[in-house]
Amino acid sequence: MKIAICIKQVPDTTDIKWTEHNTIQREGVESILNPYDVYAIEAALKIKQKDTNAELTALTMGPAQAEEILRKAISVGVDRGYLISDKKFAAADTYATGSTLSAAIKKIIPDFDMIICGQFAIDGDTAQTGPTVANMLNIPQITYVKEIESFDEKTVTVLREVEDGVEKLTAEFPVLLCLLKKEDEEPTRAKINGIINAKNAEITTLTMDDIELAPERAGLKGSPTYVSKAFRPIQKHRNVPPTEASPESQVIFLYNKLHELGAFDNE
Amino acid sequence: MSKGILLYAELTRYSEDGQYVHPVFFELAAKANELSKKLNDAPIYAILLGSKNLVENFKEGFTENNIDTVYVVEDERLQDYSTEYYSKIITDLTKEIDPEIFIIGATTQGRDIAPRISSSLHTGLTADCIELDINEKGQLAATRPTFGGQLMATILCKNQPQMATVRPKVFKPLKEFVKKDTKFITKKANIDDIEKKVNLIEFLKNPEKEESALEDAEIIVAGGRGMKDLMGFEMLKEFASLLNAKVGASRVAVEMGLASHEMQIGQTGKTVTPKIYIACGISGALQHTVGMTGSDKIIAINIDKNAPIFDIADIAIAGDVFEILPELINMIKK
Ligand SMILES: Cc1cc2nc3c(=O)[nH]c(=O)nc-3n(C[C@H](O)[C@H](O)[C@H](O)COP(=O)(O)OP(=O)(O)OC[C@H]3O[C@@H](n4cnc5c(N)ncnc54)[C@H](O)[C@@H]3O)c2cc1C
């Protein structure tokens with residue numbers, strides 16, 4: 001079985017600092033493997049445990065430094081990594097990203113059975129790239145996958161988490177899956193030989209010239225959307241100074257307020 | 001004249017107990033009414049897909065929300081949502097209607113289908129918008145949070161339709177109905193050529209999920225790290241039950257195992273707009289507050305008088321929840 005895993009390097013959004021001019025300070029912000037993609041890799045590794053012939057290929061579109069996350073993927077058991085990198089790919093929105101990734105997949109593993117992505121990337125948080133890639137490759141998708149339950153040579157069965165419950169779905173290959181994060185599962189840690197593999201692995205870089213993609217479909221040019229303005233959100237200030245009286249009077253104050261608001265008559 | 005605004009009228013899951021138009025549609029409809037006025041009364045269209053009796057069952061939702069035309073596709077094969085069928089039909093219809101704006105609810109279905117439609121139409125899609133407006137050039141200006149809610153971006157699209165998704169509860173439905181003599185146009189499902197590759201085998205309903213419908217609660221009592229432990233959350237639950245309220249949580253509280261993910265409010269949780277939101281031991285990080293600033297009244301109890309939650313509170317209590325809540329509970333019980 002041939003599996004492509006799409007992963008992304010993202011800034012650690014818990015660690016965002018602001019410049020004086022209210023723009024995000026990009027220098028010195030740590031880059032991490034998108035937390036959802038960790039579980040996309042996990043899902044692929046689990047398949048490989050059962051089907052040891054499975055070939056796992058990780059790919060990422062990004063700047064040269066995104067190579068780090070490919071090595072990280074290899075360190076836990078992914079077979080190889082491809083970096084899709086070119087100035088012409090920069091500033092892509094999800095449409096252009098989808099065009100580029102799908103063209104790269106066609107080039108690298110045209111006979112893939114499965115593509116696995118993370119459901120979200122924590123920087124953009126659009127949840128759009130997976131379905132866009134699937135659509136451009138003209139294959140179906142299953143989003144919000146919480147578990148790959150079983151698989152054989154031709155099909156995969158998954159559990160999908162939706163608002164009102166869980167769906168069990170089967171899909172014939174080829175298919176694209178978007179994986180949710182698992183709060184209760186420790187991801188695989190790299191073992192020593194994994195780390196050595198990762199260090200020695202040859203990462204192939206593909207540029208615009210290596211894939212079949214019209215220049216007007218990539219990067220900034222290929223992006224139908226553009227940011228007209230970015231700003232720091234201002235919270236709606238209601239500006240009531242906090243009351244700091246004794247607990248007893250706070251309780252009475254709160255009780256009266258709740259009463260005024262009709263909180264005790266709530267059906 | 002403007003080419004109009006298209007909305008997707010998602011139906012909830014088909015079941016014996018009935019099926020409904022997802023409430024997010026009415027929220028989108030209210031916003032579409034606003035946008036339409038800014039576009040010289042652009043027509044508002046909707047697409048409705050399902051198995052049968054659609055016009056009969058769901059007519060009022062359209063005639064009372066000022067929708068001009070509804071494109072209805074009825075087919076037994078559309079009873080359950082299928083990415084393959086639905087995206088094909090909606091894409092074809094959108095080409096035919098040729099709207100300038102297309103808005104879809106950011107439900108799991110909406111998020112699954114919207115990128116397929118937008119990429120088929122070679123246009124852009126702005127996900128999870130918190131505001132939609134028309135700029136001076138008549139374009140759709142879609143504002144959304146990025147970087148975990150720490151940055152807002154207003155996004156424009158150079159192709160048409162300009163597409164956006166909006167999460168449930170971000171907009172409010174119309175306060176008063178606007179009647180319209182809506183036209184219903186029935187279309188055939190063009191899906192005979194599709195060999196469906198993904199099939200639903202089984203649906204396991206989660207009873208808990210319905211029960212904890214936070215989004216519909218009139219009062220929410222939410223706890224954060226300041227509630228310390230499970231005992232603290234038990235106290236919150238008791239307090240909530242006295243007010244017939246639902247219990248919500250910050251992400252830290254969820255990560256500490258004090259509450260389930262279902263209860264999380266904020267950027268990566270739910271968006272809620274209750275009448276009263278009572279934040280207990282929650283600092284008020286932006287990622288949390290983006291999910292609850294739409295509440296009518298916000299009450300905050302926090303031991304730190306400089307906690308950012310107080311910036312958005314209507315009633316701000318600087319104090320220890322473990323001193324205040326037990327007494328308050330006693331007082332209400334009496
Ligand atoms: C990408 C991303 C997405 C995120 N999404 C979400 C999300 O959806 N929802 C969310 O909530 N967070 C989210 N977060 C996390 C968010 O940034 C905050 O870390 C989180 O909201 C803080 O939770 P908290 O207020 O419970 O904890 P803290 O920030 O630790 O605050 C605890 C508060 O309790 C107060 N306190 C302590 N003891 C007492 C006491 N005895 N009485 C009264 N007050 C007391 C303290 O003064 C403090 O203000 C996200 C973060 C990232 C990076």
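A brief structural summary. The shown structure was predicted, so the numbers you read here are calculated from the model rather than taken from an experiment. (Residues numbered from 1 in each chain as written. Chains lettered and ligands numbered in written order. Predicted model: local features only at pLDDT ≥ 70, side-chain atom pairs only at ≥ 80, totals over all residues. Heavy atoms only, no water.)

1. What to know about the pairing of strand β6 (residues 114-118) of chain A
All names here are of chain A. Of all the 5 residues making up β6, 5 are buried; the element is thus mostly covered by neighbouring parts of the structure. Side chains of β6 alternate between two faces, with Met114, Ile116 and Gly118 and Ile115 and Cys117 buried alike. As judged from the 4 bridges shared by strand β1 (residues 2-6) and β6, these two strands associate in the parallel manner. By the bridge assignment for β6, Ile5 is matched with Ile116. (Buried < 20%, exposed > 50% of the residue type's maximum accessible area, 1.4 Å probe, protein only. Helix = DSSP H or I, 4+ residues; strand = E, 2+ residues; numbered from the N terminus. Pairing = 2+ DSSP bridges.)

2. A closer look at helix α1 (residues 24-38) of chain B
Residue and element names in this part refer to chain B. Between its terminal C-alpha atoms α1 stretches 22 Å, which fits the 21 Å expected from 15 residues at 1.5 Å a residue. Extensive coverage of α1 is indicated by the burial of 11 of its 15 residues. Buried residues of α1: Val24, Phe25, Glu27, Leu28, Ala29, Ala30, Lys31, Ala32, Asn33, Leu35 and Ser36, and no others. Downstream of α1 by one or two residues, Asn40 has phi in the positive range, about 50°. (Expected span 1.5 Å × (residues − 1).)

3. Focus: the nonpolar core
All names here are of chain A. Judged by nonpolar contacts, the single largest core of 40 residues is most densely connected at Ile3, Ile5, Ile7, Met114, Ile116, Ile148 and Leu177. At 8 residues, helix α1 (residues 35-50) tops the list of elements feeding residues into this core. Sequence-distant contacts of Ile5, that is, excluding residues within four places in its chain, are made with Ala40, Ile41, Ala44, Leu56, Thr57, Ala58, Leu59, Val78 and Ile116. (Core = buried A, V, L, I, M, F, W, Y, C linked by side-chain atoms within 4.5 Å. Contact = heavy atoms within 4.5 Å.)

4. Focus on unusual backbone geometry
For the bond running from Phe173 of chain A to Pro174 of chain A, omega is -5°, close enough to zero to count as cis. Mapped onto the elements, Pro174 of chain A comes out in the loop between β9 (165-172) and β10 (175-179).

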